[in-house]
Amino acid sequence: MAAATAFAGGPRWVTGPPYFNTPTYSVVWYTNQPHYFTDSGDLSVYVDHAAADAIVAAAANVWNVPTSSLTLAYGGTLNEHLSGANVYTSSTGLVLPSDAQSGNYLAKQIAVIYDTDGSVTDLLLGSGASDPSGCRQNAVTESVDSIVPAGYIQHALLILNGRCTGPAPEQQLQMQYQLMRAFGRILGLGWSQVNDNVFTGSPAPTYFQALNWPIMHPIDIVCGLYTYQCLPQPFTLRADDLSALASLYSIARNQAQPGQVDTLLRAQEISGTVTFPTGQGMEGVNVVARRWHQYWSVPEAWQSVSSVSGFRFKGANGNPVTGPLASTPSATGSVFALYEGHYDLRRIPMLDGPWQNVILDTEPVNPLYTGQYAVGPYSVNQVAPSGSDAQQVEGVVASYYTLVGKTLATDNASASCDTATDGVETAPAAIDTEGWSTGTLCAYGHAAWFGLGVKANHSLTLEVTAQDEQGFATMAKAMPVIGVWNATDARGSLPSVAAVATAFNGSAIGMTTVTIANAQSRQLRIVIADQRGDGRPDFVYRLRVLSADAVSPANISAVGGEVAITGMGFRPGNVVTVDGVAATVSNWTATSIVATVPSSRALGFSTALPADVAVTDLSTGGTTVITGALNYAAPVPTLNLVTAPSGTIFMGDTAAIPFTVKLIAGNGITPMANQPVTFTAISGAVEFNACGAAACVVMTDVSGSASTTVTALGPGNVSLSATSAYGSQSASFTAVTRIRTVTPVVPVQYIAADTTVFWTPQVSLGDNSAPIAGVRVNWQTISGAMTFFPMQSLADTQGIAETVATTGPLAGGGRATASACAWTTICASFAAEGVGPADWRLEIVSGAGQSVGAADILAPVTLRVTDLAGHAVAGVGVQVHQTVDEWQMPCPDRGRCPVPPIYDAQVSSAVSDTNGLVVIALMQIPGAAEVTNIVAATGEQGFVSLSLQKQP
Amino acid sequence: MAKTLWIFRCLCAALAVAQFAASLGCAQVAPVPIPQTVEDVLHQMADQADIIFLGEVAAIRPHEDGGLASGFIEIDFRVDRAIRGISGGTYTLREWAGLWSGNAGRYRTGERLLMLLHAPSVSGLSSPVGGLDGAIPIRGGGAAPVLANTATLSSTTVVDLRWLGARLPQSASFKINPILPPTPLTLSQQMATKSVADPITSEDDTSSRASVSAQQASVDTVVKLLASWKKAADGVR
């Protein structure tokens, strides 16, 4: 393999098993001088044959550079113009003219087809594929149609879509640009990532970053109609392109032919390994080099050359789920562990001067660079590097400098590879009893094997979620696939029970899932592996086995009830259904769920039945079902409560709400008529009014109902029962005694003898059952001189009723009595009693001892008339004498006390009110210093005197 | 080092389209509007597609005994949602084997895809619109389960439109970094253990084509959009 003389970055294919004979070499052309042969016709009405050849030559010559041993040369024309007329299908497949076929590779290595009318493009890619609207993708179609197991490219096709040319020169330049990139591909160059911010736009790229954005970038940026206009010097290879080309077609030291230079003349090569702390190579890390001039204080602000670690290693391999790789040329890469983290910056060009430094950085490959845009060995999905960039400086490197074995270790990368809890195929590990466990697919090719026993008619769901170093779900690490066998299946066979060969089929990020039905009890063997057959310390996975094992109780009445479901993999929020009808879940743990299941009638059945119980995780779609887990008993007639008395009922009252039950047949619909229902009081004394007795049998009517009202006969808690042959219902209430009262506010009113007095008797009403406002009160004389008007009145909101009584004249000691009755029979009596003049007494209630300033006003004086026992006496006349004297100094100790002049004098009278009170309006001279003298007298012995002062 | 501020032709869609259209007075090429949103991109691709469906790869069968260039690969899809050109059930895509020369993983069994396909040609061969960009991945978009968390999220599958997002226009204007300081340094100064200046420091542009969570949409949303769009007339294309 003369062309693959050195390990380098950037090959599109690397040899390896099973297709290639010898591993680890870049796949290159079998000759360093492949020739291209152009179609003999025109490319389009705008681009004739000669112009088309010029476009092809310009695109091809970009790859003829002094530092590479490759010469891509024009070899002549094909024998014909290819079109839909001579490219067609036959019974054996697609037919191309013989000199464009791969079998003609010794004579014509690269066939360039001028597809003038797009018919060939349409024929190969589908009707309408040549449409000019798709020229950014279909202007040039390339195919390397012969790669041999020895690792050589023998033949390639390039199809130029003539419909993508036109009168505008830019259209031809755009085709030349796309053809240049296609030539790079058929020469064996892979896509490359350097200064990727030119593609991502973040951070904003500089001119020099764009100038060093490789021609072999995976995806064009679009800045207008023509993508070649989106980068500077679009027809010039970058340092990274030259490095990649040199990795395939290098010139060893002192081997350059005329017009060539040694690949490493004024350049360096640095290679080595990106590793985990465990020593395992870390694949898929983009290693980039920046140059640092010997006289500059900082390195260049752009990347120059790149190499993806593990580029010679297999990015995709077989696994226990899919079996070994198919033997095709695309099964690229070796499986030697030495190359798992290997990188090779094949040609780092030198700045001026005798030496330079080189800065090495590591970075992830853009996750968009997969599939047809893949950069590096991982094609299906990129893997985020573990840890962060650990920058290194390789100092003072000169022309021809070659460094082998430069180890790069990222900071804080995953450092353990503990798979002790994983089983192996011959001895699978047990599943964690809670159904949740975490493991690591480490090292390369590792698979985790588990054993699990399942019961008949139980289904379960396996969920495997890839996690990153922080435990977050991710699609940028492992790609879990799942295989399931019967434990008795032969080792090494493909899964017989279930297989998910493509990762991430779940509805949650990073999840692969499969649900397995089990008609019979069996032991399963389960494997978790990486889709690519990979395995590394940062391939963490979270396994969940969602499996319901049993339901308890398994037998349940037709009305449903609470059950416990045991199993594994449960979590809060999981939903339980019985034959598809939701149950009410009250508690979750990883191994149990408590739920109240619906009645069989809710399931749509009126007979005994077995029902399926399912636990579902709505967030993942995972589910586990136990078929026939619950046995519902046959439904029976039911006695249902319709209404019942409750709360408090007064003794003697009939409850407003009757005790009513309804008898329904087992189908839940049909009423059962003419069935006896016995109403009894379990405690308390009642009368069932349906039959006027303490116990009562009532026949159900046509609606199935039996009903009676209930009268409470005694106080206390009352418990009732309605019983039929199909069940019973109960009711309860509290019976209380009714208490009503009428109480006089003043039981005895004392009045002056021989006098007629008007006063207002009041009674207070009380009732423990209801509000009392509005209750009518009848006032009635029992004896003596007392009359009322009105004789009926209503209680107010405070429960007070009043009227006006005319009482007297009564003799001293004489009485008149009356009654006030409410609710007809509840009465209170009160009286009026005469008090003779000999028993009247006066007492000062307020206003005595006043001494105020001359400018102030004396307050009135209030007296009360009482009898000898201190009862207030109403209707008593009181004589009041007042004089107003001049205020003077106190009398001297010796000598005569002067008599002050009297300013005024007055005699008046007043009558005591119902409370015996008399209020005296005082004589006084405004603004004058004076003394008011008061003498009050009543009856034969009632007398008080007092003096009040207004001092100067 | 050149100080010239090199500015590429700025994106000016209207002007470019107008110029392009004018230049094609007698050409067979119709101007294609430059999409401004991912939805525009999808719409344009849908216009070019004769067959659209959402399905899962059920089987892959190579027929390349006569060599890649004359062979073909059959890919069976179990169609979950037929949107245009087919009625559902199973669909077999027959691709030119030459497309598979360097891409073993064009499709994988079990893979779920939204396929926008050209109609088969007279040869029976076809392929996705816009290369494999017309085979758009479907993936899970819901939160991963954690034992302690309450599982109340509903299942979510999304259409991964990130590659279509890469077809959106962006400016090709580049900024010039300050010229490097000419101050000579000694070797020891260069080799000092100071951190090396990171050249990829960002300005305030935070957009990134590697981090485009916004460029995904629910399957239902995309299917409804596709179903609502009529295929562009052939005369327009």
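All values derive from a computational prediction rather than experimental measurement.

Colleague: How should I be thinking about the overall build of chain A in this particular structure?
Modeller: Looking only at helices and strands, chain A has seven helices and 62 strands in total. Its C-alpha atoms give chain A a radius of gyration of 56 Å, more than 25% over the compact-globule value 30 Å for 952 residues. Judged by the C-alpha coordinates and their principal axes, chain A covers about 160 × 95 × 60 Å. When burial is assessed residue by residue, chain A has 50% of its 952 residues classed as buried. Relative to all contacts within chain A whose residues are 6 or more apart in sequence, the contacts with residues 24 or more apart total 69%.

Colleague: Could you clarify how one ought to interpret the overall build of chain B in this entry?
Modeller: When its secondary structure is counted, chain B shows five helices and seven strands. Reading chain B from its N terminus to its C terminus gives the helix and strand order α-α-β-β-β-β-β-β-α-α-β-α. Within chain B, the fraction of its 237 residues that count as buried is 37%. Considering only contacts in chain B between residues 6 or more positions apart, those separated by 24 or more positions represent 64%.

Colleague: Sorry, what's going on with the sheet that holds strand β10 (residues 285–293) of chain A here?
Modeller: Sheet strands associate in pairs through backbone hydrogen bonding, adopting either a parallel or an antiparallel arrangement. All names here are of chain A. Spatially, the four strands line up as an open sheet ordered β11-β10-β13-β14, and their pairing is antiparallel. The two strands at the open ends of the sheet, each matched to only one other strand, are β11 (305–308) and β14 (392–398). The mean angle between the axes of side-by-side strands here comes to 25°, regardless of whether they run parallel or antiparallel.

Colleague: Help me out: how do you make sense of helix α4 (residues 169–186) of chain A in this one?
Modeller: At 3.6 residues per turn, the α-helix brings residues three or four places apart onto the same side. Residues and elements named next belong to chain A. Between its first and last C-alpha, α4 extends 26 Å over 18 residues, near the 26 Å set by a 1.5 Å rise per residue. Taken across its 18 residues, α4 has 15 buried, putting it largely inside the fold. Within two residues after α4, Gly 188 carries a phi angle of roughly 110°, on the positive side.

Colleague: Mind showing me how you'd approach the sheet that holds strand β38 (residues 695–699) of chain A here?
Modeller: Residue and element names in this part refer to chain A. Ordered in space as β34-β42-β41-β36-β38, the five strands form an open sheet in which the pairing is mixed. The sheet is open, and its two edges are formed by β34 (648–650) and β38, each paired on a single side. Each strand of the sheet is rotated relative to its neighbour by a mean of 30°, with strand direction disregarded. Strand direction decides the pairing type here: β34 and strand β42 (residues 727–736), joined by three bridges, are parallel. Paired with Thr 648 across the bridge in β42 is Thr 734.

Colleague: What's the story with the nonpolar core in this structure? I'm lost.
Modeller: General note: in soluble globular proteins, nonpolar side chains tend to be found buried as a group. Formed by 158 residues in total, the largest nonpolar core has its most connected members in Ile113(A), Leu158(A), Leu160(A), Leu179(A) and Phe183(A). Ranked by size, the runner-up nonpolar core spans 67 residues in total, among them Ile482(A), Ile526(A), Ile528(A) and Ala595(A).

Colleague: Hey, could you run me through helix α2 (residues 38–48) of chain B in this one?
Modeller: Restricting attention to buried positions, one finds in α2(B) the residues Val38(B), Val41(B), Leu42(B), Gln44(B), Met45(B), Ala46(B) and Gln48(B). Elements in contact with the buried residues of α2(B): β1 (51–63), β4 (112–117), α3 (162–165) and α5 (219–228) of chain B.

What counts, and where the lines are drawn
- Residues numbered from 1 in each chain as written.
- Chains lettered and ligands numbered in written order.
- Predicted model: local features only at pLDDT ≥ 70, side-chain atom pairs only at ≥ 80, totals over all residues.
- Helix = DSSP H or I, 4+ residues; strand = E, 2+ residues; numbered from the N terminus.
- Rg over C-alpha atoms; globule rule 2.2 N^0.38 Å.
- Buried ≥ 20, exposed ≤ 12 C-beta atoms within 10 Å, placed from the backbone.
- Contact = placed C-beta atoms within 7 Å.
- Pairing = 2+ DSSP bridges.
- Axes fitted to C-alpha atoms, helices over the stretch in contact; angles between N-to-C directions.
- Expected span 1.5 Å × (residues − 1).
- Core = buried A, V, L, I, M, F, W, Y, C linked by C-beta atoms within 7 Å.

Remember that the coordinates give geometry; whether it matters functionally is a separate question.
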